[in-house]
Amino acid sequence: MKAGIIVFPGSNCDRDAEFALNMAGFKTEYIWHDYENIKDYNLIFIPGGFSYGDYLRAGALAKFSPVMKQIEKYILNENGFVLGVCNGFQILTEAEILSGALTKNNSLKFICKDVDIKPINRETAFSRYITKDSLTIPIAHSEGNYYIENYEELKNKNLIAFEYIKNPNGSIGNIAGIYNETFNVLGMMPHPERNSLKILGNGDGLEILLSIRRSLENE
């Protein structure tokens, strides 16, 4: 299985992603933001960081990168799966690949700590092989307060991927992550790649990456 890790100017979780994806059994390659051939990857990982310095608004400039047009085609053609974490989630919402928006935390402070989340829709490639009812995953963000006007529609369509057990940032419905309508894209604020081994916490983050790999193997 082959995963491509998108690298924008300002990305800073790309190395963590490489390590965790390798632990989950993926071969990995970095994809620079102006690259235009991504169709051969089984998984595209959009990591956290501060793409283009997050000037204007988190993810607002990255959505104009050439690679984003290729990611849109990749998703439309269902070439594989896309996982956007933290800044990656913000970029996916700015590009309108995922619905809603990420705004400032209610506290207006940067939050960096472990949080507990629970999978809601457990029938997707990202979640069907998760073995636990809750996962402990780190967060590190200022703009992780998820908002969507039509929350009930999101809920009724089963597009909520994860909810915080104790909401750290004010997200509507305690939402920590969502899917697109074809369930081949997941955006989430917690960082599974930062807890891929017990020595980094308890290894819960690997559950999500292993679920993706096992789903790909069983397709």
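Residues numbered from 1 in each chain as written. Predicted model: local features only at pLDDT ≥ 70, side-chain atom pairs only at ≥ 80, totals over all residues. Heavy atoms only, no water.

Peer 1: Explain unusual backbone geometry here, please?
Peer 2: Peptide bonds are, in most cases, trans, and in most cases residues other than glycine have a negative phi. Even without being a glycine, E78 presents a positive backbone phi close to 50°. Positionally, E78 belongs in the loop between α2 (66-76) and β4 (81-85). Looking at E78, the relative accessible area reads 55%, which means it is exposed. Despite not being glycine, E96 has its phi angle at roughly 65°, a positive value. For E96, the location among the structural elements is in the loop between α3 (87-94) and β5 (101-103). The class of E96 is exposed, set by a relative accessible area of 70%. (Helix = DSSP H or I, 4+ residues; strand = E, 2+ residues; numbered from the N terminus. Buried < 20%, exposed > 50% of the residue type's maximum accessible area, 1.4 Å probe, protein only.)

Peer 1: Please clarify how the packing of aromatic side chains should be interpreted in this entry.
Peer 2: Ring pairs (aromatic) are described by centroid distance and by the angle formed between their planes. Here the structure, examined in full by the defined rule, presents 5 aromatic pairs. Pairing F8 with Y52 gives two aromatic rings, centres 6.3 Å apart and planes at 55°, and the pair type is tilted. Taken together, the positions of F8 in the loop between β1 (2-7) and α1 (14-23) and Y52 in the loop between β3 (43-46) and α2 put the pair 44 residues apart, joining distant regions of the chain. When the centroid spacing of 5.8 Å and the interplanar angle of 35° are considered together, the rings of F126 and Y179 count as tilted. Taken together, the residues F126 in the loop between β6 (111-119) and β7 (135-141) and Y179 in strand β10 (residues 175-179) connect sequence positions 53 residues apart. A relative accessible area of 0% means that F126 is categorised as buried. For Y179, a relative accessible area of 1% puts it in the buried group. (Phe/Tyr/Trp six-rings, centres within 6.5 Å; stacked < 30°, edge-to-face > 60°.)

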